[in-house]
Amino acid sequence: MIMTKFKYILAMSLVLLCSCKIGQKYKQPEMAMPKNFDGAIATNSTAADIGWGELYSDTILQNYIEKALDHNKDMLIAVARIKEMAANKRISFANLFPEIGGEVAGQKEYLNYGGDNDKYSPELRANANISWELDIWGKLRWANDAGVAAYMQTVEAKRALHLTIVAQVAQAYFELRVLDRELEIVKKTLEARREGVRFAKLRYEGGLTSEIPYRQSLVELARTETLIPNLENEIKLKENDLFLLIGEFPSGRLAREGEDISHQQIPQNLPVDLPSSLLKRRPDMIQAEQKLIQANAEVGIAYTEMFPSLKLTGRLGGENSELTDFLKSPTWFISGVLTGPIFNMGKNKAKHNAAKAVYEQEIYAYEKSVMGAFKEVNNSIVSFNKMKEVYRYQDALYNSTKSYHELAKLQYVNGVISYIDLLDAQRQLFDAEIALNNAILNELISVVALYKALGGGLNK
């Protein structure tokens, strides 16, 4: 008889569990995106298919990226965050099902009402308790949808952080290598300045020139010497940034005896897909949409709270004062409680309106994120193309100033031009070499930025 009643309750509960799920089903916002990015021709392939190990061929850089992905503290935080949200998702899913607990108790009570007849009242009981909130209107299912969306946000946040870390390590490494190269340029120039001082002094002491060229050479030597400590400071600070990215304490010197920075393999082009595919490829775009899905589910939760909820409770067990008769004394209890709002000054309606307003905000935030991603790709494409042009012009300028300096140096030795003319040629050569070094860095950074903007960097 008891089992029959429980079967009836279970059958009724299953029917109610499959009941309606009221609320607005999520629908992705429609946006009139341009068909193509500016300055790019859509291809069938995408930069996301290119592994970062293929794009960044420098083995030292590859080693640092691997270290960062394994030991970077922000990445480890993101992994732990996924574990937390996975547990929360499990909780929201478990709320859809009955909760069963157990109870075993024994007690013995002594009673004496002032007479000689003492009374002992022993009691033994064991029960299985069941509690179940039936999801009549879909509130618990909306809550589960919200939990899943929150979990997926953490997953996509980790993937987005993965792209960011790959880009940050690559950029920091390139910046460090360019600073090293700039220091080499300054040291080489410093040696030339010392040689210039020695030569100017010989000419002055030999009576070939006045004292002014000699003093000018000393000024240029001192000016060049002041550049070295500033560069060494920048190099150490950049090293410390890279140490932090790879999850190590800043200590010692980072190895960077890899491929020469001026010989890094830079692709002439990166494949650019359609703008609409950006929403499916970039983790931050997927994360933004999951946030929108969660907000829509929160609207559903707020809406269903305006309707009554049904909660079933039951107990099945035994209770007796003697252990030997315990199994002969079964007990059971079944109850259902229907609760719902009657009058609360529109509080639940206001909660629903507030949730809808939050969802509206998230729609605009999502659209803004999409527009921002489109702008980022467009900017990266423009920079990628223009930095290649700048490098070509700077390289031509450097070659011209180098030839000019060699000619000026020869003419100065032969007394054809003054020291001021030679000094002007030296300054132009130095500025052109530094500018070319910066152009190399800017071209490399433009590759890093475009690769990340197109969603590349998830795979090695």
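Up top you'll find the structure we're talking about.
Computed from a prediction, not measured in an experiment: that's the story for all the values here.

K.L.:
Which residues make up the pattern of salt bridges, and what are the values?
P.N.:
The tally for this structure, following the rule as stated, stands at 21 salt bridges. The partner of Glu-191 in a salt bridge is Arg-194, with the nearest N and O atoms 3.0 Å apart. Of this pair, Glu-191 and Arg-194 are both found in helix 5 (residues 139-205), three residues apart, which corresponds to roughly one turn of the helix. Judged by its relative accessible area of 47%, Glu-191 is partly exposed. We note a salt bridge from Glu-376 to Arg-282, for which the minimum N-O separation is 3.1 Å. Linking Glu-376 in helix 10 (residues 347-413) with Arg-282 in the loop between helix 8 (275-281) and helix 9 (283-304), this pair joins segments that are 94 residues apart in sequence. Residue Arg-282 is classed as buried on the basis of its relative accessible area, which comes to 4%. The network of salt bridges with common partners includes Arg-282, Asp-284, Glu-376 and Lys-452.

K.L.:
Go over the packing of aromatic side chains with me, naming the residues and quoting the values.
P.N.:
Under the definition given, this model contains eleven aromatic pairs. Where Tyr-56 meets Phe-174, the ring centres are 6.2 Å apart and the plane angle is 70°; that geometry is what we call edge-to-face. Here the residue Tyr-56 occupies a position in the loop between helix 2 (52-55) and helix 3 (59-71), and Phe-174 occupies one in helix 5, the gap between them amounting to 118 residues. As far as the burial class goes, Tyr-56 and Phe-174 line up, both buried. Each residue in the set Tyr-56, Tyr-64, Tyr-173, Phe-174 and Tyr-451 is aromatic and connected to the rest through ring pairs, giving one cluster. The ring of Tyr-151 carries the charged tip of Lys-89 above its face, separated from the ring centre by 5.2 Å. Here Arg-203 stacks its cationic end above the ring of Tyr-412, 4.9 Å away from the centre of that ring.

K.L.:
Go over the environment of Gly-252, please, and point to the residues and values.
P.N.:
Topologically, Gly-252 is positioned in the loop between helix 7 (227-245) and helix 8. Using a relative accessible area of 45% as the deciding quantity, one classes Gly-252 as partly exposed. Considered as a pair, Gly-252 and Asn-240 are twelve residues apart in the sequence and their alpha carbons are 9.5 Å apart. In this structure, Gly-252 is in contact with Lys-236, Glu-239 and Phe-243, ignoring residues within four places of it in sequence.

K.L.:
Let's hear about the packing of helix 5 against helix 11 (residues 419-453): which residues, and what values?
P.N.:
Following both chains from N to C, one finds helix 5 and helix 11 inclined at 170°, their axes separated by 10 Å at the closest point. Comparing their axes, helix 11 and helix 5 come out roughly antiparallel.

K.L.:
So what's going on with the nonpolar core? Which residues, and what values?
P.N.:
One finds Tyr-56, Leu-61, Ile-65, Val-169, Phe-174, Leu-242 and Tyr-451 to be the most contacted residues of the largest nonpolar core, which totals 70 residues. Excluding residues within four positions of it along the chain, Leu-61 makes contact with Tyr-56, Val-169, Ala-170, Tyr-173 and Phe-174. Counting seven residues, the second-largest nonpolar core is a separate cluster that includes Ala-408, Tyr-412, Leu-422 and Ala-425.

K.L.:
Report on helix 4 (residues 73-94), specifying residues and quantitative values.
P.N.:
Given a rise of 1.5 Å per residue, 22 residues ought to cover 32 Å, and the 32 Å separating the end C-alpha atoms of helix 4 matches this to within 8%. Within helix 4, burial applies to Met-75, Ala-78, Ile-82, Met-85 and Ser-92. Buried residues in helix 4, looked at end-on, bunch into an arc of 90°, giving them a common side. For helix 4, exposure combined with an orientation more than 90 degrees from the buried face picks out Lys-73, Ile-77, Lys-83, Arg-90 and Ile-91. Here the buried face of helix 4 lies against helix 3 and helix 5. Here helix 4 starts with a cap whose side-chain oxygen sits 2.9 Å from the backbone nitrogen of Asp-74, and that cap is Asn-72.

K.L.:
Give me the packing of helix 6 (residues 211-225) against helix 7: which residues, what numbers.
P.N.:
At a minimum axis distance of 4 Å, the contact between helix 6 and helix 7 shows a crossing angle of 10°. As the angle between them shows, helix 6 and helix 7 are arranged roughly parallel. Taken together, the residues of helix 7 that come into contact with helix 6 (itself represented by Arg-223, Thr-224 and Glu-225) are Leu-227, Ile-228 and Pro-229. Tallied by class, the residues present in the contact of helix 6 with helix 7 amount to three nonpolar, one polar and two charged.

K.L.:
Quick one: what's the story with the environment of Val-104, residue by residue and with numbers?
P.N.:
Secondary-structure assignment places Val-104 in strand 1 (residues 99-111). Residues in contact with Val-104, not counting those within four places in the same chain, are Arg-125 and Ala-126.

K.L.:
Can you explain a nonpolar patch on the surface? Please cite residues and give values.
P.N.:
Taken together, the side chains of Ile-342, Phe-343 and Met-345 define a hydrophobic patch exposed on the protein surface, amounting to about 480 Å² of accessible area. Counting through the fold element by element, Phe-343 comes out in the loop between strand 4 (330-339) and helix 10. Relative accessible area serves as the criterion here: at 66%, Phe-343 is assigned to the exposed category.

K.L.:
Can you break down the side chain of Arg-181 residue by residue, with the values?
P.N.:
Within the secondary structure layout, Arg-181 lies in helix 5. Of the residues examined, Arg-181 reaches a relative accessible area of 19% and is grouped as buried. Separated by 3.0 Å, the side chains of Arg-181 and Asn-437 make a polar contact. Setting aside its immediate chain neighbours within four residues, Arg-181 contacts Ile-261, Ser-262, Asn-437 and Ile-440.

K.L.:
Describe helix 7, with residues and values.
P.N.:
For helix 7, built from 19 residues, the straight-helix expectation of 27 Å at 1.5 Å per residue is met to within 8% by its first-to-last C-alpha distance of 27 Å. Those residues of helix 7 not exposed but buried are Ile-228, Leu-231, Ile-235, Lys-238, Glu-239, Leu-242, Phe-243 and Leu-245. One face of helix 7 carries all of its buried residues, which in axial projection span an arc of 155°. Here the buried face of helix 7 lies against helix 3, helix 5 and helix 6. Directly after helix 7, the chain includes Gly-247, whose backbone phi takes a positive value near 80°.

K.L.:
Can you tell me about the side chain of His-405, naming the residues and giving the values?
P.N.:
Counting through the fold element by element, His-405 comes out in helix 10. Judged by relative accessible area, which is 16%, His-405 ranks as buried. If near-sequence neighbours (up to four positions away) are discounted, His-405 is found in contact with Ala-425, Gln-426 and Leu-429.

Analysis parameters
Residues numbered from 1 in each chain as written. Predicted model: local features only at pLDDT ≥ 70, side-chain atom pairs only at ≥ 80, totals over all residues. Heavy atoms only, no water. Salt bridge = Lys/Arg side-chain N within 4 Å of Asp/Glu carboxyl O. Helix = DSSP H or I, 4+ residues; strand = E, 2+ residues; numbered from the N terminus. Buried < 20%, exposed > 50% of the residue type's maximum accessible area, 1.4 Å probe, protein only. Phe/Tyr/Trp six-rings, centres within 6.5 Å; stacked < 30°, edge-to-face > 60°. Lys NZ or Arg CZ within 6 Å of the ring centre and 35° of its normal. Contact = heavy atoms within 4.5 Å. Axes fitted to C-alpha atoms, helices over the stretch in contact; angles between N-to-C directions. Parallel < 35°, antiparallel > 145°, perpendicular 65-115°, else oblique. Core = buried A, V, L, I, M, F, W, Y, C linked by side-chain atoms within 4.5 Å. Expected span 1.5 Å × (residues − 1). Arc of directions from axis to C-beta. Polar contact = N/O pair within 3.5 Å; in protein donor to acceptor, adjacent residues only side chain to side chain. Nonpolar A, V, L, I, M, F, W, Y, C, P; charged D, E, K, R; others polar. Patch = residues over 30% accessible without salt bridge, like charges linked within 9 Å, V, L, I, M, F, W, Y side chains within 5 Å. Areas by Shrake-Rupley, 256 points an atom, 1.4 Å probe, with all protein chains shown as cover.

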